[in-house]
Amino acid sequence: MGKIIAITNQKGGVGKTTTSVNLSACVAEAGRRTLIIDIDPQGNATSGLGAADFRHTVYEVLLGSIGAEQAVVDTGFDGLKLIPSGIALAGAEIELVGLDEREGLLKAALSKLRDSFDYIFVDCPPSLGLLTLNALTAADSVLVPIQCEYYALEGVGQLMNTVKLVRRKLNPNLAVEGIVLTMFDARTNLGAQVVSEVRKHFPKEAFEAVIPRNVRLSEAPSYGIPIHRYDARCNGTAAYRALAAELIGRNEGKAR
């Protein structure tokens, strides 16, 4: 049965979608059957993988008008599949409010799909609305990207409180997959201090792999290509490959 990992942070601009796209692509490159679900109305994970030719989106899946398997498309990248987002998702939160078990719609939709994948990553909106709650209710664990900046720990603390609330009300088995430090600039003292502080407060949760500030990482989405296919030799590729190996190792022991 595939593991569902929600990638989320209530704060925007922390590298959430960059991590969703490139981590899932590198996990797939490592030979794991991988699905990424874009549940962010902005659809950046969808465009970041160059997806344009699709009939169905996660919006229809949430409303129950189609099965999740009908919305899956092939990205063309190393066995990576995608359930895309579309503009209709922007109004979904209002439409979902009146439905029964509205926080569990994604969980129910994915129940028949889990066995087809080893890892399912969900790219969440940068907010704690009904779409994110659906992802956290469906997920086995939550992965938190945080930017190496001054207010990083404050944001993590807020998110951990959200995780506790979700455990109490919606998903008692939700675990913390880990914390990923992003946009690290080795030239500044602040970056090193943030890494040190996060590892001091979250020694088990923080991944060893740190994602650097990297021009190639910024360029890749505009071409609709994950970083390891855009520039296989850049620091961004090395970092996301290391993160993928570490995540696989945490879940499977020594990577196959």
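Here the structure is shown first, and the text comes after it.
Notes on the structure in this doc start here. (Residues numbered from 1 in each chain as written. Predicted model: local features only at pLDDT ≥ 70, side-chain atom pairs only at ≥ 80, totals over all residues. Heavy atoms only, no water.)

Structural notes on helix α12 (residues 235-252)
In a regular helix each residue adds 1.5 Å, so 18 residues correspond to 26 Å; α12 covers 25 Å between its end C-alpha atoms and thus fits that length. All buried positions along α12 are accounted for by Gly236, Thr237, Ala239, Tyr240, Leu243, Ala244, Glu246, Leu247 and Ile248. Immediately beyond the C-terminal end of α12, within one or two residues, lies glycine 253, with a positive phi of roughly 75°. (Helix = DSSP H or I, 4+ residues; strand = E, 2+ residues; numbered from the N terminus. Expected span 1.5 Å × (residues − 1). Buried < 20%, exposed > 50% of the residue type's maximum accessible area, 1.4 Å probe, protein only.)

Quick notes on helix α1 (residues 16-29)
Helix length check: α1, at 14 residues, gives a terminal C-alpha distance of 20 Å against a target of 20 Å (1.5 Å per residue), a fit within 8%. A large share of α1 lies buried, amounting to 12 of its 14 residues. Trailing α1 by a residue or two, glycine 31 shows a phi angle of about 95°, which is positive.

As for the pairing of strand β1 (residues 3-7)
Among the five residues of β1, four are classified as buried, and the element is accordingly described as predominantly covered. Two strands pair when backbone bridges link them, and β1 and strand β5 (residues 119-123) are joined in this way by five bridges, in the parallel orientation. Of the residues in β5, the one forming a bridge with isoleucine 4 is isoleucine 120. One ladder, built from three bridges, connects β1 with strand β6 (residues 141-147); its direction is parallel. Bridge pairing links alanine 6 to valine 142 in β6. (Pairing = 2+ DSSP bridges.)

Regarding unusual backbone geometry
The backbone of glutamate 101 sits at a positive phi, close to 50°, despite the residue not being glycine. Positionally, glutamate 101 belongs in the loop between α5 (92-96) and α6 (105-110). Classification of glutamate 101 as exposed rests on a relative accessible area of 67%. We note that methionine 183 has phi near 55°; this positive angle belongs to a residue other than glycine. Residue placement: methionine 183 occurs in strand β7 (residues 175-184). Look at methionine 183 and you get partly exposed, because its relative accessible area is 23%.

Thoughts on the environment of leucine 128
For leucine 128, the position within the fold is in the loop between β5 and α7 (130-138). Each C-alpha atom of the pair leucine 128 and leucine 159 lies 9.3 Å from the other, and the pair is 31 residues apart in sequence. Setting aside anything within four residues of it in sequence, one finds leucine 128 in contact with Gln10, Leu133, Leu136 and Thr162. (Contact = heavy atoms within 4.5 Å.)

Description of a nonpolar patch on the surface
Together, Tyr150, Tyr151 and Leu190 make up a nonpolar patch on the protein surface, roughly 380 Å² of accessible area in all. You can see tyrosine 150 is positioned in the loop between β6 and α8 (152-169). Overall, tyrosine 150 belongs to the exposed group, its relative accessible area being 65%. (Patch = residues over 30% accessible without salt bridge, like charges linked within 9 Å, V, L, I, M, F, W, Y side chains within 5 Å. Areas by Shrake-Rupley, 256 points an atom, 1.4 Å probe, with all protein chains shown as cover. Salt bridge = Lys/Arg side-chain N within 4 Å of Asp/Glu carboxyl O.)

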